[in-house]
Amino acid sequence: MAISHAQPLLLSLLVSLFFLPSALGGTDFHNCNPLRSYPVKVKIVEISPDPVKVSTNGNITITGSTSVDIPDGATINLDLRFPEPISKRSYSLCDIVACPVAAGPIVLNFYNVFTQQELTPWGYFVLITITEEHQEDPMMCVSFRCRITREQTSLL
Ligand SMILES: *[C@@H]1O[C@H](CO)[C@@H](O)[C@H](O)[C@H]1NC(C)=O
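Residues numbered from 1 in each chain as written. Predicted model: local features only at pLDDT ≥ 70, side-chain atom pairs only at ≥ 80, totals over all residues. Heavy atoms only, no water.

**With respect to a nonpolar patch on the surface**
- A surface patch of nonpolar side chains, about 290 Å² in accessible area, is lined by Phe 82, Ile 86 and Trp 122.
- Note on placement: Ile 86 falls in strand S5 (residues 85-92).
- Here Ile 86 falls in the partly exposed class, since its relative accessible area comes to 41%. (Patch = residues over 30% accessible without salt bridge, like charges linked within 9 Å, V, L, I, M, F, W, Y side chains within 5 Å. Areas by Shrake-Rupley, 256 points an atom, 1.4 Å probe, with all protein chains shown as cover. Salt bridge = Lys/Arg side-chain N within 4 Å of Asp/Glu carboxyl O. Helix = DSSP H or I, 4+ residues; strand = E, 2+ residues; numbered from the N terminus. Buried < 20%, exposed > 50% of the residue type's maximum accessible area, 1.4 Å probe, protein only.)

**Focus on the site of the ligand**
- Surveying the vicinity of the ligand reveals the residues Ser 48, Pro 49, Asn 59 and Tyr 111.
- In isolation the ligand has 360 Å² of accessible area, and contact with the protein removes 44% of it.
- Looking at the shell around the ligand residue by residue, the class counts come to 2 nonpolar, 2 polar and no charged. (Near = heavy atom within 4 Å. Nonpolar A, V, L, I, M, F, W, Y, C, P; charged D, E, K, R; others polar.)

**Quick word on the pairing of strand S4 (residues 75-81)**
- Of all 7 residues in S4, 5 are buried, a share of seventy percent or more.
- Across 7 bridges, S4 lies against S5 in antiparallel orientation. From the neighbouring strand, Leu 80 faces S5, where its bridge partner is Ser 87.
- Inspection of the sheet shows S4 paired to strand S7 (residues 123-131) by 7 bridges, in the antiparallel sense. Bridge pairing in S7 places Arg 81 opposite Phe 125. (Pairing = 2+ DSSP bridges.)

Laid out in C-alpha cells, this is it:
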C-alpha cells in the first residue's frame, strides 16, 4: 500500500527534476545526459514567440549559470533535429556573449533562429551545446522542443 503510493510521488519528483523550469515560465528542456553534471547549468529556456510563427521567425534565450570560466575559444552549436539531424550551426562564444565568460550568470540569445526554408509548420528538437576548444565533453548540453505554427487565417 505504502509502496504503491510512493511510486507516483517518486515519478513526479523525477519528472519535476528534469522539467523544473516549466514552473519558472520557460519551455520544458532537459540536459542531454541527465546523469552528467555540466559546469554550465541551464535554468530557463525561452522561445519567443512560443510556438514560433512561420511569418515572424523566433528567438531563443537560454538563462543559466556557470561554475567555471568559459574561455573565448569555446564554440556554441545549435542543432535542429526532426528527429533526424536537419541542420547545424556553429558560433564562436564571442559572437553570442561578451567573452570570455566569468563564472556566474550567463545569458545566451539566438535571434531569428530559423532560415526561411526551416520555417515549416511542425517544429524541431533543438540541441544547444557549449564546447571548449580541444574538448569532447560539452560544458553545456541542453535539448528541447520548438514548435512552429502557421498563422491562423483570419476570418473574412
Ligand atoms: C527577437 O529579438 C529581436 C532583437 O531583440 C527583436 O527585435 C524581435 O522582436 C524578437 N522577435 C521575437 C519574435 O520576439
